[in-house]
Amino acid sequence: MWMHIDSSNYGEAKVGVATSSSICGSYNYIRSFRPLGFESRDMGLFKDTDGTGYLLTEDRANGLRIDKLTSDYLDVASATYLFGKSADWESPAMVKVNGVYFIFGSHLTGWDTNDNIYSTATNLAGPWSSWKNFAPAGTRTYDSQTTFVLQVGNSFMYMGGEITFTPSVTSVGAHLDNHPDRWFSSNLMRSSYIWLPLTISGTTASMNTNYVNWVIDPNSGTWGPGPSENSYEGESATLSNGAKSVSCTGCSGTKAAGYVGGSSNGIVKFNSVSSNASTKTTIRIKHENGDSSQRFADVTVNGQTQRIAFLPTTDGNTPGSSTLHVNLNSGSSNTVQFVGVNGGWVSDIDRIMVPVS
């Protein structure tokens, strides 16, 4: 595992290396250092088809670098390419497709998102093409920053975000990265993930749609939009033990189910939830949590209970999203119930959105 090591003022500008016999740990931290003596901040790893590893690193004084790793992946052996000081690029990620290398990155705009870019080459030592946007101009890459591009079958998944600690892991058979997130500097807990389908053809990469939900087959890599959903309003659910309908200007019906959990153990129960198939699926929960910390709920679906967290939202009137992975039965006999945890409050529940199949 390689990681960005830094001080609070970003003066360290180093990489760190740790190893483990299992991707789940425990890890043995080896050391931190500046690769080849140069600064390193946003970074990633790339493993070529011949097994050679490379460090992709942003050196603020000199530019974006591609450095070759030693055969044991524990050190930097030599410099491969320097994009130059005039290149204001960071947060690099790389993938190789049919002999063409694609490097992705973002502009240097502090913690503000921007239109991320990519370049291509048939040799890591260059020449590299001019940089281009891969998402529509002005979308700021759907308010995210490049972190990793994952190949799944013949398809590709963009994993984007902005976070100060960016670990990368490489093994003999795979290259994995952390789950990236969007950055909210006023409340880090609100940072959320963005994974989107990325189209790569020839020497062109594009990501033209910000899908709310989509489905990918992990074996073939084929993907498509998520199934249609039925929506169930929180204020129309069965409310008991103090739970009641509350005003919510940003909610779908300008109301939500509030006072859920707490000392009275308010309960929200959705009855007659429909599914066209007996299947494992993902329910989206639109909720409001105006606190600066998480709220929790025990959610029971057809007798099976799991605990989920609701991250802070913008305020108490702007819904955010949480997800719940559940088993649904075919028909309209499904039930979904929310209760508090240890006397704590649950987020106000605007609605749940349930796939029909």
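One numbering rule holds for all chains: residues counted from 1, following each sequence as written. In view of the model being predicted, local features appear only for residues whose pLDDT reaches at least 70, and side-chain atom pairs are presented and counted only at 80 or more, with totals across whole chains, interfaces and linings using the full set of residues. Each side-chain value is derived from all of the structure's non-hydrogen atoms; neither hydrogens nor water enter the calculation.

> Can you lay out the sheet that holds strand E17 (residues 204–206) for me, pointing to particular residues and giving the numbers?
The antiparallel open sheet is built from 4 strands, whose spatial order is E12-E13-E16-E17. The open sheet terminates on both sides in strands that have one partner only, identified here as strand E12 (146–152) and E17. For this sheet, the mean angle separating the axes of adjacent strands, direction not counted, is 30°. One requirement defines pairing of two strands: DSSP has to find at least two bridges between them. Helix numbering and strand numbering both begin at the N terminus, where a helix is a DSSP run of H or I of at least 4 residues and a strand a DSSP run of E of at least 2. Geometry is summarised by axes, namely lines fitted to C-alpha atoms with helices restricted to the contacting stretch, and by angles between N-to-C directions that run from 0 to 180 degrees.

> Which residues make up the state of the cysteines, and what values do they have?
Only a pair of cysteine sulfur atoms within 2.5 Å qualifies as a disulfide here. What the rule picks out here adds up to 1 disulfide. Between the sulfur atoms of Cys-248 and its disulfide mate Cys-251 the distance is 2.0 Å. In this structure, the disulfide formed by Cys-248 and Cys-251 twists by about 75° around the S-S bond and is classed as right-handed.

> Please provide a residue-by-residue account of the nonpolar core, values included.
One recurring pattern in soluble globular proteins is that nonpolar side chains are buried together. In this structure, Phe-270, Ile-285, Val-336, Phe-338 and Ile-352 are the most contacted members of the largest nonpolar core, which totals 24 residues. Of all the secondary-structure elements, those providing two or more residues to this core are strand E24 (267–275), strand E25 (279–288), strand E26 (295–301), strand E27 (304–310), strand E28 (320–328), strand E29 (331–339) and strand E30 (348–355). Tyr-118, Phe-148, Val-149 and Met-159 belong to the second largest nonpolar core, which has 23 residues in total. Nine residue types can take part in a nonpolar core, namely buried Ala, Val, Leu, Ile, Met, Phe, Trp, Tyr and Cys, and a core is a set of them joined through side-chain atoms within 4.5 Å. Here the term buried applies to any residue with accessible area under 20% of the maximum for its type, exposed to any over 50%, and partly exposed to those in between, with areas from a 1.4 Å probe on protein chains only.

> Got a sec to walk through the environment of Ile-285? Specific residues and values, please.
Checked against the element boundaries, Ile-285 lands in strand E25. Judged by its relative accessible area of 0%, Ile-285 falls in the buried class. Between the C-alpha atoms of Ile-285 and Thr-203, which are 82 residues apart in sequence, the distance is 39 Å. Residues within four places of Ile-285 in sequence aside, it is in contact with Ile-308, Phe-310, Gly-320, Ser-321, Ser-322, Leu-324, Phe-338, Ile-349, Arg-351 and Ile-352. By definition, residues are in contact when any of their heavy atoms lie within 4.5 Å.

> Tell me about the side chain of Arg-284, and please be specific about residues and values.
With respect to the helices and strands, the residue Arg-284 is situated in strand E25. Each polar contact in these results corresponds to two N or O atoms within 3.5 Å; when the atoms are within protein, one needs to be able to donate a hydrogen and the other to accept it, and residues that are neighboring in sequence are counted only if both atoms are side-chain atoms. A distance of 2.7 Å separates polar atoms of two side chains, one belonging to Arg-284 and the other to Glu-229. Not counting the four nearest positions on each side in its chain, Arg-284 is found in contact with Val-212, Asn-213, Glu-229, Ser-322, Thr-323, Arg-351, Ile-352 and Met-353.

> Help me get a handle on the sheet that holds E24, residues and values and all.
Strand order in the open sheet formed by 5 strands is E21-E24-E29-E26-E27, with antiparallel pairing between adjacent strands. On the outer flanks of this sheet lie strand E21 (238–240) and E27, each paired with one strand and no other. For this sheet the average axis-to-axis angle between neighbouring strands, irrespective of direction, equals 25°.

> Tell me about the packing of aromatic side chains, and name the residues and values.
Two aromatic rings from Phe, Tyr or Trp, using only the six-membered ring of Trp, form a pair when their centres are within 6.5 Å; if the ring planes differ by under 30 degrees the pair is stacked, by over 60 it is edge-to-face, and anything between is tilted. Evaluation of the coordinates by the stated rule reveals 19 aromatic pairs. Centre to centre, the rings of Phe-102 and Phe-104 are 6.4 Å apart; their planes meet at 15°, and the pair counts as stacked. Take Phe-102: its relative accessible area is 0%, and that puts it in the buried class. Judged by its relative accessible area of 0%, Phe-104 is buried. Three or more aromatic residues link up through ring pairs in this structure, and these residues are Tyr-81, Phe-83, Trp-89, Trp-128 and Trp-131. A ring has a charge above it when a Lys NZ or an Arg CZ is no more than 6 Å from the ring centre and no more than 35 degrees off the ring normal. The ring of Phe-38 carries Arg-65 above its face, with NZ or CZ at 3.6 Å from the centroid. The ring centre of Tyr-259 lies 4.6 Å from the NZ or CZ of Lys-244, which sits over that ring.

> Could you give me a rundown of unusual backbone geometry, with the residues and numbers involved?
Residue Gly-25 is joined to Ser-26 through a cis peptide bond whose omega torsion reads 10°. With respect to the helices and strands, the residue Ser-26 is situated in the loop between strand E2 (14–19) and strand E3 (28–33). In this model, Gly-126 is joined to Pro-127 through a cis peptide bond whose omega is 5°. For Pro-127, the location among the structural elements is in the loop between strand E10 (117–121) and strand E11 (132–133). Although it is not a glycine, Leu-36 sits at a positive phi angle of roughly 55°.

> Tell me about the pattern of salt bridges, residues and numbers included.
In what follows, salt bridge is the name for a side-chain nitrogen of Lys or Arg lying within 4 Å of a carboxyl oxygen of Asp or Glu. Enumeration over the complete set of coordinates arrives at 12 salt bridges. The partner of Glu-12 in a salt bridge is Lys-14, with the nearest N and O atoms 3.1 Å apart. Arg-65 serves as the salt-bridge partner of Asp-59, at 3.0 Å between the closest nitrogen and oxygen. Arg-65 shares its class with Asp-59; the two are buried. A cluster of three or more residues bridged by salt bridges with shared partners is formed by Glu-58, Arg-60 and Glu-90.

> Please set out the environment of Trp-345 residue by residue, giving values where relevant.
Checked against the element boundaries, Trp-345 lands in the loop between E29 and E30. Judged by its relative accessible area of 42%, Trp-345 is partly exposed. The contact partners of Trp-345, leaving out residues within four places of it in the chain, are Tyr-259, Val-260, Gly-261, Gly-262, Arg-295 and Phe-296.

Geometry only, nothing functional implied.
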